[in-house]
Every structure is written in C-alpha cells, then in structure tokens.
Amino acid sequence: PPGSDAQTVVDGGADIADIATLAVKGKTTVVDFSAAWCRPCRKIDEYMMTALGARKELAYRRLDVADWDSPLARHYLKEVPQLPYVIVYGPKGEKVDTVVGVDLDRLDKAIAKAAPAPAPAP
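So, how was this worked out
- All residue numbers refer to positions counted from 1 along the written sequence of the respective chain.
- Selection of residues for local features in this predicted model requires a pLDDT of at least 70, selection of side-chain atom pairs for listing and counting requires 80 or more, and totals for whole chains, interfaces and linings are taken over all residues.
- Heavy atoms from the whole structure form the basis of all side-chain values; hydrogens and water molecules are not counted.
- The helix count covers DSSP runs of H or I at least four residues long, the strand count covers runs of E at least two residues long, and both are numbered beginning at the N terminus.
- Radius of gyration: C-alpha atoms only; globule rule: 2.2 Å multiplied by the number of residues to the exponent 0.38.
- Under the scheme applied here, a residue whose accessible area is under 20% of the maximum for its type counts as buried, over 50% as exposed, and between as partly exposed, the area being computed with a 1.4 Å probe on protein chains only.
- We call two residues contacting when some pair of their heavy atoms lies within 4.5 Å.
- Method for areas: the Shrake-Rupley scheme with a 1.4 Å probe, in which residue coverage is limited to the protein chains shown.
- The charged-residue count follows a simple rule in which Lys and Arg add positive charge and Asp and Glu add negative charge, with His and chain termini not counted at all.
- Where a charge lies is defined by one atom per residue type, namely NZ (Lys), CZ (Arg), CG (Asp) and CD (Glu).
- Two strands pair if DSSP finds at least two bridges between them.
- Only the stretch in contact is used when a helix axis is fitted, and all axes are lines through C-alpha atoms; the angle between N-to-C directions ranges over 0 to 180 degrees.
- Each aromatic pair joins two rings of Phe, Tyr and Trp (for Trp, the six-membered one) with centres within 6.5 Å, and gets the label stacked for planes under 30 degrees apart, edge-to-face for over 60, and tilted for any other angle.

**Q** It is not clear to me how the overall build of the protein should be interpreted in this structure. Could you clarify?
**A** If you tally the helices and strands in the protein, you get 3 helices and 5 strands. Secondary structure of the protein in N-to-C order comes out as β-β-α-β-α-β-β-α. Against the compact-globule benchmark of 14 Å for 122 residues, the protein has a radius of gyration of 14 Å, which places it among compact chains. With the C-alpha coordinates aligned to their principal axes, the bounding extent of the protein is approximately 55 × 25 × 25 Å. Across the 122 residues in the protein, those meeting the buried criterion constitute 43%. A fraction of 67% describes how many contacts in the protein between residues 6 or more apart in sequence connect residues 24 or more apart. By element, 54% of the accessible surface of the protein is carried by carbon and sulfur atoms, the whole surface being about 6,600 Å². Looking at charge distribution, the protein has the averaged site of its 16 positive side-chain charges lying 4 Å from that of its 17 negative ones.

Take a look at the structure:
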C-alpha cells in the first residue's frame, strides 16, 4: 500500500550477513523468506499488504530465496522444512517468533505480541 514500509531486500537468493539487521527500530518487522515459485508465500504477501494498510507501525522485508541451493537458503534455511518462513522482530529489534508455512493465525499473534495494536480513540 502507498506509504507502507515494505521492501524486497534480497533478490535471487543472495546471502545476507545478519538477518537481525533488517529489523526496523521502533517498528514491528516481519522478515519473509519466500520464492516466486512458492504459492503459499503469496498468501503471506497478501496478508502483509492488508496488515501494512491497517498498521503503520509495521515494516515488511522480503527475501527472495530463489531456490533451496542459493547462498541465502544454505545460510538460514538448513533446518526449515518448507516456505514460507517468517521471522517477526519487535520494535526494539528483539526476535519475537518464527512461523513456518502459512499459519496466518500464528503470524497475527506474533505481530500482536511484538506491538499490540493501539487502543481506539474515545
């Protein structure tokens, strides 16, 4: 959505030294390992576009794995059985949760745990 904090920071499976550096201070950051060939990954992307439109305190960083033999996948996904693989960081850069597969309920809970939605104005 316009004005949202969303970026694809890795294309083609290039490695990144430290995933934690992608956490945006002051925002809940969702780091999404995905691939163009991964249909379930598109569900996470759709969910995040809706969430970003509703909550400005979210940041979304997508990492294109490309394939299971890419440097990025070999570095971070050795123990991950499937995509999508999502890491949620809190506003202080702390790792809150990881989500494997399309578990939108768990992702929603992790985002809420990292930064509860502001209370509506009276």
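**Q** Explanation requested: the sheet that holds strand β5 (residues 95–100) in the structure shown.
**A** Taken in spatial order, the 5 strands line up as β1-β3-β2-β4-β5 in an open sheet, and their pairing is mixed. The open sheet terminates on both sides in strands that have one partner only, identified here as β1 (5–10) and β5. Adjacent strand axes in the sheet meet at a mean angle of 15° when their direction is disregarded. Of the pairings in the sheet, the one linking strand β2 (residues 28–34) to strand β4 (residues 85–89) comprises 5 bridges and is antiparallel in character. Along β4, the bridge assignment pairs Asp32 with Val86. Sitting on the sheet, helix α1 (residues 39–54) touches β1, β2, β3 (58–64) and β4, and the angle it makes with β3 is about 160°.

**Q** What should I look at first to understand the packing of aromatic side chains in this one?
**A** Two measures describe an aromatic ring pair: the distance that separates the ring centres and the angle between the ring planes. Tallied over the full model, the rule gives 2 aromatic pairs. Seen from their ring centres, Phe33 and Tyr76 are 6.0 Å apart, and the 45° between their planes marks the pair as tilted. Of the two residues, Phe33 is situated in strand β2 and Tyr76 in helix α2 (residues 71–76); the sequence distance between them amounts to 43 residues. Owing to a relative accessible area of 21%, Tyr76 belongs among the partly exposed residues under this scheme. Relative to Tyr85, the ring of Phe33 lies with its centre 5.5 Å away and its plane at 45°, an arrangement referred to as tilted.

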